[in-house]
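# Breakdown of the fold
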Amino acid sequence: MRFPLGLTTTLASYIARKKMAGERYVPLVLMLEPLFACNLTCTGCGRIREYEHLKARQLSVEDCLGAARECAAPVVSVCGGEPLIHPHIEHITAELIRMRRYVYLCTNGTLLAQSIDKFTPSSRLLFNVHIDGPAEVHDMIVQRDGAYLSAFKGIQAAAAHGFQVTVNTTIYKQTDMRQIDEVMTALEEIGVKCFMLSPAYSYASVDDRESFMSRDNIAEKFAGIDAMAARHCLADSPVYLDFLKGNRDLRCTAWGNPTRNPAGWRSPCYLIADRHYASYRDLIANTDWEYYGAGRDPRCRDCMVHCGYEPTVALMVNKRKGDLYKMIKWQMSGKVAANK
Ligand code: SF4
């Protein structure tokens, strides 16, 4: 079983209910950014640059829970900034779990070991640690010597305390996929269960444009992904991987992963901010969802990030014959332990 059984059944029944109710814009993952501040300055991060003027602003516990009440997505990805810096992150996490949400706490991992005692293991909580390559490469990307080692120790501490740990890796033009394969093997040995790979997207607010890829570059980079997927548990779905390999097209369903942060509800997506709305209802009602995506907004041309396209797969928006079978087979394989 690739994902916890409870998460899979919750998502499946939630999507079925929403579809039966005729809802068009179904949120699956709430991207909750309680703050923009971070202890690192990673090359590929748009947040610390785009919201530089708001880096002191934070969502309160009540703001975070209010966002989860407004948007009923079964999964909440708590990101940022570095969420472990937030003074009430353990309360936010515990309350979201009490609301029966699945929480992916996304962290650079450098503060994980010292923070781990604040949290209680739960089948609804996963730490998702960002690692972009072996130590020398990762440290260069995040611009901090020793960052890989700190994250490595953080993962060890989390696994030793009984937490589920996944790893999120951004793939840049310069990424050596053989090195990523080796890093995965090393991280599996210390308890990492599953890996999510995502091609880097060229944020308007990121300076290093040389690192970002066109769709052709991405297809080249992911050409050998099937061999990697046979060796490791990948959280990327097989349909999404086909998309990355250039073997099929998907349309963007950015509404599936709405983003709430201290500036408001970000429209249209995690990557582009044309404006912010005061409520989730306003975000959904006022964003022109048909305007965005490759072939429409020029900024979307090379975007293939999972937060725009994995909801398309889960919601079976432009499904093909055989997709469902492929998805079930994929979910039933893998190494993530089944949970309640
Ligand atoms: S394709 Fe979708 S997710 Fe990507 S930048 Fe455009 S709106 Fe955002």
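You'll find the structure just up there.
The following paragraphs examine the structure supplied in this document. Since we're looking at a predicted model, the values are computed, not measured.

## Re the overall build of the chain
Across its full length, the chain holds 14 helices and nine strands. When the backbone C-alpha atoms are referred to their principal axes, the chain occupies close to 45 × 45 × 45 Å. Evaluated residue by residue, the chain yields a buried proportion of 44% over its 340 residues. Intrachain contacts of the chain at a sequence separation of at least 6 include 76% that bridge at least 24 residues.

## Quick look at the environment of Thr41
With respect to the helices and strands, the residue Thr41 is situated in the loop between β1 (29-32) and α2 (47-50). Thr41 sits in the exposed class, given 11 other C-beta atoms within 10 Å. When the C-alpha positions of Thr41 and Gln143 are compared, they lie 6.2 Å apart, and in sequence the two are 102 residues distant. Beyond its immediate sequence surroundings of up to four residues, Thr41 is in contact with Ile48 and Gln143.

## Observations regarding the environment of Arg178
Mapped onto the elements of the fold, Arg178 is located in helix α8 (residues 177-189). For the pair Arg178 and Met228, spaced 50 residues apart in sequence, the C-alpha to C-alpha distance is 9.1 Å.

## Some thoughts on the packing of helix α3 (residues 61-70) against helix α4 (residues 89-98)
Following both chains from N to C, one finds α3 and α4 inclined at 30°, their axes separated by 9 Å at the closest point. As far as their axial angle goes, α4 and α3 are roughly parallel. In the crossing of α3 with α4, the sense of the turn from one axis to the other is right-handed. Touching Val61, Cys64, Leu65 and Ala68 of α3 are His91, Ile92, Glu95 and Leu96, all from α4. For the contact of α3 with α4, the class distribution of residues is six nonpolar, one polar and one charged.

## Remarks on unusual backbone geometry
For the peptide bond that leads from Gly80 to Gly81, omega is 20°, which places it in the cis range. Examined against the element boundaries, Gly81 turns out to sit in the loop between β2 (75-78) and α4. Unlike most non-glycine residues, Arg100 shows phi in positive territory, near 65°. Looking at the element boundaries, Arg100 is found in the loop between α4 and β3 (102-107).

## A few points about α3
Burial in α3 covers these residues: Cys64, Ala67 and Ala68. Down the axis, α3 shows its buried residues gathered within 95° of arc, on one side only. Those residues of α3 that are exposed and angled more than 90 degrees off the buried face are Glu62 and Arg69. Where the residues of α3 are buried, they touch β1, β2, α4 and β7 (259-261).

## So, the environment of Asn168
Among the secondary structure elements, Asn168 is positioned in strand β5 (residues 164-171). Put simply, Asn168 and Ile131 are 37 residues apart on the chain and 6.2 Å apart in space, counted from C-alpha to C-alpha. Once residues within four sequence positions are removed from consideration, Asn168 is found in contact with Cys106, Asn128, His130 and Met196.

## Here we look at the nonpolar core
Counting residues in each nonpolar core, the largest one holds 85 residues, and the members touching the most others are Leu30, Val76, Val78, Val103, Phe127, Val129 and Ile155. The element contributing the most residues to this core is helix α7 (residues 147-160), with seven residues. Those residues in contact with Val129, other than ones at most four positions away along the chain, are Thr107, Gly109, Leu112, Ala151, Gly154, Ile155, Val165 and Val167.

## Concerning the packing of helix α6 (residues 135-142) against α7
Close contact between α6 and α7 brings their axes to 7 Å; oriented N to C, the two are set at 110°. Accordingly, the angle class assigned to the pair α6 and α7 is roughly perpendicular. From α6, Ala135, His138, Asp139 and Val142 reach across to α7, where they touch Ala147, Tyr148 and Leu149. Looking at the contact of α6 with α7 residue by residue, the class counts come to five nonpolar, one polar and one charged.

## As for the sheet that holds strand β9 (residues 273-277)
What the nine strands build is an open sheet, ordered β6-β5-β4-β3-β2-β1-β7-β8-β9; its pairing is mixed. Edge positions in the sheet fall to β6 (194-199) and β9, since each has one partner strand and no second. Within the sheet, the average angular offset between the axes of one strand and its neighbour, ignoring direction, is 25°. Pairing geometry for β7 and strand β8 (residues 264-268), over three bridges, is antiparallel. Residue pairing in the sheet places Arg260 in a bridge with Trp265 of β8. Packing against the sheet, α7 makes contact with β4 (125-130) and β5, and its axis sits at approximately 165° to β4.

Rules used in this analysis
Residues numbered from 1 in each chain as written. Predicted model: local features only at pLDDT ≥ 70, side-chain atom pairs only at ≥ 80, totals over all residues. Helix = DSSP H or I, 4+ residues; strand = E, 2+ residues; numbered from the N terminus. Buried ≥ 20, exposed ≤ 12 C-beta atoms within 10 Å, placed from the backbone. Contact = placed C-beta atoms within 7 Å. Axes fitted to C-alpha atoms, helices over the stretch in contact; angles between N-to-C directions. Parallel < 35°, antiparallel > 145°, perpendicular 65-115°, else oblique. Left-handed = near helix turned anticlockwise from the far one by under 90°. Nonpolar A, V, L, I, M, F, W, Y, C, P; charged D, E, K, R; others polar. Arc of directions from axis to C-beta. Core = buried A, V, L, I, M, F, W, Y, C linked by C-beta atoms within 7 Å. Pairing = 2+ DSSP bridges.

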